[in-house]
Amino acid sequence: MSAMVRFTRVTKQYPKGVTALDEVSFTLDRGEFTFLTGPSGAGKSSILKLIFVEERPTSGEVKVIGQSSVTLTPKKIPVLRRKLGVVFQDFRLLPDRTTAENIAFALEVTGAPPKRIDPKVMRVLEQVDLLAKADARPHELSGGEQQRVAIARALVNDPVLLLADEPTGNLDERSARSILDLLCEINRAGTAVLMATHDLDLVRATSFRTLELHHGRLVFDAGTMASGATAGVPGGSST
Amino acid sequence: MRLALREALLSFRRAPMLSALSITTIAFSLFAFDLFGLVALNLRSALRQVESRVEIRAFVAEGTRADAASAAVGDVQSFPEVERVTLVSEAEALERARQELGEFEDVFDAGILPASIEVRLREGFRTPDQVREVAERLSKYDFIDDIRYGEEWVEKLYRLRTIATFVGLALGTTFALVSIIIIGSTIRMAVLARAPEIQVMRLVGATRGFIRAPFLIEGLVKGLLGGIIALGLSFVTYATLGRLVIQAEFFSVGHSLLGLLAGALIGFLGSAYSVDRHLRRVA
């Protein structure tokens, strides 16, 4: 399998000399499910931000779907982002729009033909099992439901990679589990998933590959089993 | 484009208070500018009216032949600075004096007042130097006895005009800058209010142009609406003053349209600036 994401000796320093990532190298393959773990401040978010080009590396190279951080021009960033889906701990839904509108928004602002918007929205709503809440506004939904809407929005542009930054951080255990199940399902349908989390129970519940960061260094990379076919079995551990 | 238009309109519907607030702010800062403009406009036209009375009067020596004087009038008329030349005969001078100073009617006798050539200068040729220049040229005719043109008065008027122009420019610039700053900050508020939307747009891969478009339209519409309200308020002020105090002059249609265009432009550019700044900061 060809590498979809390749980090080559990536260092990220923030102003005032804070080093978030220190010479990190790894690759992610197409269709892979990968956990990114480590304590807060270890650099998990930085890796996600570098992948969807919210930030640029201080040194080293980040290559995502054939686009290198060295040569990527600002104009090409939106094009790259349309192939990625991103969800966050705080959902980031627009409070004054319904579930369906929140999802449609992602299609509208990327210039999708209006006729194709509704069917696509319905399809992802079904996928995240929220058809019944299509007209609800975010404040009428539970945390788990809001995260499902966010995931649906991330999926609606058919990304090849879904990035999830602590997607269960604001959820109770049960909702967290169901979000993880949903992500596994999405992965089985062929989308690669990179999920940052410090919830080790969730990580242990699956047999996916795990990258562990500590103080900006990659200290652990294990469980590189092909996902989809064999992985995702709860309780399994390959370490 | 349709989406941008829809989003721009939606923002008015979603945040009516904020939209109303920013339109009102824009309207009042443009209103202040408009009021200043009205004062400047009327001051200028008042000055121009006074200026148009700048006149050179050359008195013709007694016994000068009428045809010599009228030949001179023809010459003077061809000076580029001259708007109008009139020859006032002795009889006419007497008639005018009688009319203007009726109570001294019996004092005037035929032949007491000399004939004169009255020269009115074109607009733009009324500086003290230019007036003196023309007067000197007139004095070269040997049948001209004496020339008067209110030297001191012309100079004072000219100085007043220069001061008014400078003060006007300085005040006008200040007013314009203040309006732009106030309008800019209300637009920045509107942009900040929609920061979450911008964030989502960026996240899902909307292009920069796509993100900017609704804001630019919104800014343009707000600026235009603010401009219309400001113009309306100015007109009400002008009409009220006209009825109660003094008949003044209002902006011409061209000036009014220019004002509206300026409002729209400030809204548009202010939005462009604010959105770009915001995008640069979060990107």
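Just so it is clear, the model here is predicted, and its values are computed rather than measured.

Residue and element names in this part refer to chain B. For the largest pocket, the calculated volume is near 1200 Å³. Forming the walls of the largest pocket are 42 residues, and the residues nearest its centre are Phe36, Gly37, Ala40, Leu41 and Arg44. Among the secondary structure elements, those contributing two or more residues to the lining of the largest pocket are helix H2 (16-51), helix H6 (151-193), helix H8 (208-244) and helix H9 (253-282). Of the residues assigned to the lining of the largest pocket, the class counts are 21 nonpolar, 14 polar and 7 charged. Split by domain, the residues of the lining of the largest pocket number at least three in each of domain 1 (2-49 + 158-282) and domain 2 (55-148).

Applying the stated criterion across every chain, the model contains 3 cavities of 30 Å³ or more. Here the largest cavity defines a volume of roughly 80 Å³. Together, A:Arg81, A:Arg82, A:Leu84, A:Gly85, A:Val86, A:Arg153, A:Ala154, A:Asn157, B:Leu203 and B:Val204 line the largest cavity. Elements with a contribution of two residues or more to the lining of the largest cavity: strand E6 (84-88) and helix H5 (143-155) of chain A.

Take the interface of chain B and chain A next. Chain B puts 18 residues into the contact, and the matching count from chain A is 20 residues. When chain B packs against chain A, the two sides together hide about 1800 Å² of surface, and 57% of this comes from carbon and sulfur. For the pair chain B and chain A, the number of links is 2 salt bridges. A salt bridge links B:Glu197 to A:Arg97, with the nearest nitrogen and oxygen atoms 2.6 Å apart. At the junction of chain B with chain A, the criterion picks out 4 residue pairs in polar contact (both at pLDDT 80 or more).

What follows is about the domain arrangement of chain B. The domains assigned to chain B are domain 1 (2-49 + 158-282) and domain 2 (55-148). Centre-to-centre separation of domain 1 of chain B and domain 2 of chain B, based on C-alpha positions: 52 Å.

This paragraph deals with the packing of aromatic side chains. Within this structure, the stated rule accounts for 13 aromatic pairs over all chains. On the numbers, 4.6 Å between centres and 20° between planes, the contact of A:Phe7 with A:Phe26 is stacked. On the criterion of sequence distance, the pair formed by A:Phe7 in strand E1 (residues 3-14) and A:Phe26 in strand E2 (residues 18-29) is long-range, its members being 19 residues apart. Consider the rings of B:Phe235 and B:Phe250, whose centres lie 5.0 Å apart with planes at 85°: the pair is edge-to-face. In this pair, B:Phe235 is assigned in helix H8 and B:Phe250 in the loop between H8 and H9, connecting sequence segments 15 residues apart. The ring of A:Phe88 carries A:Arg92 above its face, with NZ or CZ at 3.7 Å from the centroid.

Residue and element names in this part refer to chain A. In terms of nonpolar packing, the biggest core is built from 62 residues, with Phe33, Ile103, Val121, Ile151, Leu183 and Met195 touching the most fellow members. Among the elements that line this core, the one with the most residues is helix H6 (residues 173-188), at 7 residues. Leave out the neighbours within four places in its chain, and Leu183 touches Phe33, Ile151, Leu162, Ala164, Pro167, Val193 and Met195. Leu50, Phe52, Val53 and Leu163 belong to the second largest nonpolar core, which has 33 residues in total.

Here we come to the side chain of A:Ser69. Tracing the chain through its elements places A:Ser69 in the loop between strand E5 (67-68) and helix H2 (77-81). With residues up to four places along the chain from it excluded, the contact list for A:Ser69 reads A:Arg56, A:Pro57, A:Gly60, A:Glu61 and A:Val62.

Residues and elements named next belong to chain A. Taking 1.5 Å per residue as the helical rise, H6 with its 16 residues ought to reach 22 Å, and the 23 Å between its terminal C-alpha atoms agrees with that figure. Looking at H6, one finds that the buried residues are Ser175, Ala176, Ile179, Leu180, Leu182, Leu183, Cys184, Ile186 and Asn187. Where H6 is buried, its residues contact strand E3 (33-37), helix H4 (114-127), H5, strand E7 (161-165), strand E8 (192-196) and helix H7 (200-204). Taking the backbone nitrogen of Arg174 as reference, a side-chain oxygen 3.0 Å away marks Asp172 as the first, capping residue of H6.

What counts and how
- Per chain, residue numbering runs from 1 following the sequence as it is written.
- Chains and ligands are labelled by the order in which they are written, letters from A for the one and numbers from 1 for the other.
- Where local features are concerned, this predicted model is filtered to residues with pLDDT of at least 70; where side-chain atom pairs are given and counted, the filter is 80 or more; whole-chain, interface and lining totals use all residues.
- Neither water nor hydrogens contribute to the side-chain values; these are computed over all heavy atoms in the structure.
- Residues are said to line a cavity or pocket when one of their atoms sits within 4 Å of a point; the points come from a 1 Å grid over protein atoms alone, cavities being sets where a 1.4 Å probe fits but cannot get out and pockets being open sets with protein on both sides within 12 Å along at least five of seven lines.
- Grid points are joined across faces, edges and corners, and a volume is the space filled by probe spheres set on the points.
- Under the DSSP-based scheme used, a helix requires at least four consecutive residues in state H or I and a strand at least two consecutive residues in state E, with every element numbered from the N terminus.
- In this classification, Asp, Glu, Lys and Arg are treated as charged, Ala, Val, Leu, Ile, Met, Phe, Trp, Tyr, Cys and Pro as nonpolar, and every other residue, Gly included, as polar.
- What marks off one domain from the next here is an automatic or database domain assignment.
- Two residues form a contact once any of their heavy atoms are found within 4.5 Å.
- A quick way to say it: buried area is the sum, across both parts, of accessible area lost when two parts are put together, with a 1.4 Å probe.
- A pair is scored as a salt bridge if a Lys or Arg side-chain nitrogen falls within 4 Å of a carboxyl oxygen belonging to Asp or Glu.
- Whenever a nitrogen or oxygen atom comes within 3.5 Å of another N or O atom, the pair is scored as a polar contact, on the condition that within protein one atom can donate a hydrogen and the other can accept it, and that pairs from neighbouring residues in sequence are kept only if both atoms are in side chains.
- For Phe, Tyr and Trp, rings pair up if their centres lie within 6.5 Å, where Trp contributes its six-membered ring, and each pair is then called stacked (planes under 30 degrees apart), edge-to-face (over 60) or tilted (otherwise).
- Remark: a charge is flagged as sitting over a ring if the NZ atom of Lys or the CZ atom of Arg is within 6 Å of the ring centre and within 35 degrees of the ring normal.
- What we call a nonpolar core is a set of buried Ala, Val, Leu, Ile, Met, Phe, Trp, Tyr and Cys residues that are connected through their side-chain atoms within 4.5 Å.
- In this scheme, a residue with accessible area under 20% of its type's maximum is buried, one over 50% is exposed, and one in between is partly exposed, where area comes from a 1.4 Å probe on protein chains only.
- What a helix should span is 1.5 Å times the count of its residues minus one.

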